[in-house]
Amino acid sequence: MKVVLENLTKKFPPRGGKGDAVTAVKDFTFEIPDGKLVALLGPSGCGKSTMLNMICGLEKPTEGKIFFGEDDVTEMPPELRGVGMVFQNYALYPHMSVYDNIIFPLGNLKGEEKMTKEQMRERAEKVASLVQIEQLLERKPKELSGGQQQRVAIARALVKTPRLLLMDEPLSNLDARLRLQTREEIRRIQRETGVTTVFVTHDQEEAMSISDMIVVMKDGELHQCGKPQEVYDDPVNLFVAKFLGTPAINVFDGEVKSEKLFIGEDEVLTVSGVRDGKVKVGIRPEGFTYDKSGPLKCKMDRVEVMGRDISIVSKNPACEEPVVRSIIDSDERPEDGTEVATFKLRPGKVHLFEPETGERLRFS
Ligand code: ADP
Ligand code: MG
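Conventions used here
- Residues numbered from 1 in each chain as written.
- Chains lettered and ligands numbered in written order.
- Predicted model: local features only at pLDDT ≥ 70, side-chain atom pairs only at ≥ 80, totals over all residues.
- Heavy atoms only, no water.
- Helix = DSSP H or I, 4+ residues; strand = E, 2+ residues; numbered from the N terminus.
- Buried < 20%, exposed > 50% of the residue type's maximum accessible area, 1.4 Å probe, protein only.
- Areas by Shrake-Rupley, 256 points an atom, 1.4 Å probe, with all protein chains shown as cover.
- Lys, Arg positive; Asp, Glu negative; His and termini not counted.
- Charge placed at Lys NZ, Arg CZ, Asp CG, Glu CD.
- Near = heavy atom within 4 Å.
- Polar contact = N/O pair within 3.5 Å; in protein donor to acceptor, adjacent residues only side chain to side chain.
- Pairing = 2+ DSSP bridges.
- Axes fitted to C-alpha atoms, helices over the stretch in contact; angles between N-to-C directions.
- 1 Å grid on protein atoms, 1.4 Å probe; cavity = no way out; pocket = protein on both sides within 12 Å on 5 of 7 lines; lining within 4 Å.
- Points joined across faces, edges and corners; volume = space filled by probe spheres on them.
- Nonpolar A, V, L, I, M, F, W, Y, C, P; charged D, E, K, R; others polar.
- Expected span 1.5 Å × (residues − 1).
- Contact = heavy atoms within 4.5 Å.
- Salt bridge = Lys/Arg side-chain N within 4 Å of Asp/Glu carboxyl O.

Engineer: Got a minute to help me understand the overall build of the protein chain in this structure?
Structural biologist: Scanning the protein chain from N- to C-terminus turns up eight helices and 21 strands. Here the protein chain holds 364 residues, and the buried ones make up 49% of them. Total accessible area on the protein chain stands at roughly 18000 Å², and carbon and sulfur atoms take up 48% of it. The averaged location of the 59 negative side-chain charges in the protein chain is 3 Å from the averaged location of its 52 positive side-chain charges.

Engineer: Explain the site of ligand 1 to me, please; I cannot follow it from the model alone.
Structural biologist: For ligand 1, the full set of nearby residues is F12, R15, V22, A24, P43, S44, G45, C46, G47, K48, S49 and T50. Within the contact set of ligand 1, an oxygen atom lies 3.0 Å away from a backbone nitrogen or oxygen of G47. With respect to ligand 1, the side chain of S49 contributes an N or O atom lying 2.8 Å from an oxygen atom. Compared with its free state, where it exposes 560 Å², ligand 1 has 68% of that area covered by protein. Counting residues per element, the ones that place at least two in the shell around ligand 1 are strand 2 (22-32) and helix 1 (48-56). Per-element tally for the shell around ligand 1: the top contributor is helix 1, with three residues.

Engineer: How do you make sense of the sheet that holds strand 19 (residues 340-345) when you look at a structure like this?
Structural biologist: Two strands in a sheet stick together by hydrogen bonds in their backbones, pointing the same way (parallel) or opposite ways (antiparallel). Ordered in space as 15-19-16-17-18, the five strands form an open sheet in which the pairing is antiparallel. Each end of this open sheet is capped by a strand with a single partner; those strands are strand 15 (288-290) and strand 18 (324-329). Averaged over neighbouring strand pairs, the angle between their axes works out to 50 degrees when direction is ignored. Pairing of strand 16 (residues 296-305) with strand 17 (residues 309-315), which is carried by six bridges, proceeds in the antiparallel orientation. Paired with V305 across the strands is I310, a residue of strand 17.

Engineer: Can you walk me through the layout of surface pockets in this structure?
Structural biologist: Over the atoms a probe the size of a water molecule is rolled, and this reveals where empty space is left. In this structure, the largest pocket occupies an estimated 970 Å³ of space. Lining the largest pocket are 28 residues, with E79, V83, G84, P105 and K160 positioned closest to its centre. Where the lining of the largest pocket is concerned, the elements lending two or more residues are strand 6 (83-86), helix 2 (98-107) and helix 4 (146-158). Considered class by class, the residues forming the lining of the largest pocket number 16 nonpolar, four polar and eight charged.

Engineer: Help me understand the sheet that holds strand 7 (residues 164-168), please; the structure alone is not making it clear to me.
Structural biologist: Taken in spatial order, the six strands of this open sheet run 6-7-8-3-9-10, and their pairing is mixed. Of all the strands in the sheet, just strand 6 and strand 10 (221-226) have a single pairing partner and so form its edges. Direction aside, neighbouring strands of the sheet carry axes that sit 20 degrees apart on average. The pairing of strand 6 with strand 7 spans four bridges and is parallel. Bridging from a neighbouring strand, V83 pairs with L164 of strand 7.

Engineer: I'm lost on helix 3 (residues 117-130) in this one. Help?
Structural biologist: Residue pairs spaced three or four apart in an α-helix point in one direction, given the helix's 3.6 residues per turn. For helix 3, with 14 residues, the first-to-last C-alpha span of 20 Å sits near the 20 Å given by 1.5 Å per residue. Tucked into the core, helix 3 has its buried residues touching helix 2, helix 4 and helix 5 (176-193). One or two steps after helix 3, the chain reaches Q132, where phi turns positive at roughly 60 degrees.

Engineer: Where do I start with empty space enclosed by the protein in this structure?
Structural biologist: Evaluation of the coordinates by the stated rule reveals two cavities of 30 Å³ or more. In this structure, the largest cavity occupies an estimated 40 Å³ of space. Along its surface, the largest cavity is lined by L5, F30, I32, V38, L40, M51, I55 and V198. When grouped by side-chain class, the residues that make up the lining of the largest cavity number eight nonpolar, no polar and no charged. Put simply, the second largest cavity is a space of about 30 Å³. Around the second largest cavity sit I154, L165, M167, I186, I189, Q190 and T197, which together line it. Only strand 7 and helix 5 provide two or more residues apiece to the lining of the second largest cavity. Of all the elements, helix 5 adds the most residues to the lining of the second largest cavity, at three residues.

Engineer: I'm lost on the pattern of salt bridges in this one. Help?
Structural biologist: Should their charged atoms come close, side chains of opposite charge can pair. In the structure shown here, the tally under the stated rule is 28 salt bridges. With a shortest N-O distance of 3.1 Å, R121 and E125 are connected by a salt bridge. Here the residue R121 and the residue E125 both occupy positions in helix 3, the gap between them amounting to four residues, near one helical turn. A salt bridge links E184 to R183; its shortest N-O distance comes to 3.9 Å.

Here it is in structure tokens:
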């Protein structure tokens, strides 16, 4: 089922009744496509949880509308929306077995939907097998690892075959290895069930690795949405460019003079169509090629081996960060004792931004 968010705004009254209202979500319009996994991505406090809570009905929007398919659900109570929720802290009932936790949402079905014990068992076994916890059904939550507990929470969210699955930072309480493993599991479960899913995270790598689409938010506003690769390759502003990618994009102070881009004294690229003046220059780590006659000169700091690739860590006074990080094919490794790293730039990996607003300046 597709979900349409139309001009959603959420304002919270000021804490203690004094001062200004907090605008957690601001005029947010977006369509979540049917059957896809969409990641809502942004720094802490940008309004991600507020957004999920409005979609599931726990919070009421101050303005705007929410549609499930063609139905306006803005005023519909949460229990009628057919939404499964998974939270960061698994929120399992500690005194109940895994099995009882999973079937809990089925207990309050009424009328025609009411299920017999056998139907419940069948349903529970199906979702338990989907999330691969069939052997754990008789245990109590405290007898499970964090990853297993989160699987139980996912099974519980799926047991009513929801129209929509919402996950709010579901991996944040897991250690690094389990986080990787569980995110692959979430991707698989989403593919197998085909349930439209919104996955909230502040971790760009997590969002990029499993989503069909990412939605980048900041201060309650949508900055950019699209396929992960498209947003990475074509950011609309400096915030999005910096938020996506590890190592992060390198940002330099630069200047355009007669369609030539300068970083310090170095003329590094022709940038047709850009007005003269100061710019911010974002260069992805993979946007550098090590080249003896390359125009950009940096002071060599060290070389880090990453396997097939190497990372040249160097310094340039125009760079915002203390070091410039470039990723180079290991065949192009500079000779030992090299003091000045000279780089050519790949135009497609260089993005220019307006220094004041951070808006992208396009060139050809
Ligand atoms: P995120 O999930 O992206 O970290 P939240 O949606 O939790 O962000 O919060 C967005 C903003 O709204 C924050 O500034 C937060 O302090 C504020 N906020 C969230 N819930 C409430 C509330 N119930 N009352 C007042 N302010 C709130
Ligand atoms: Mg949150």
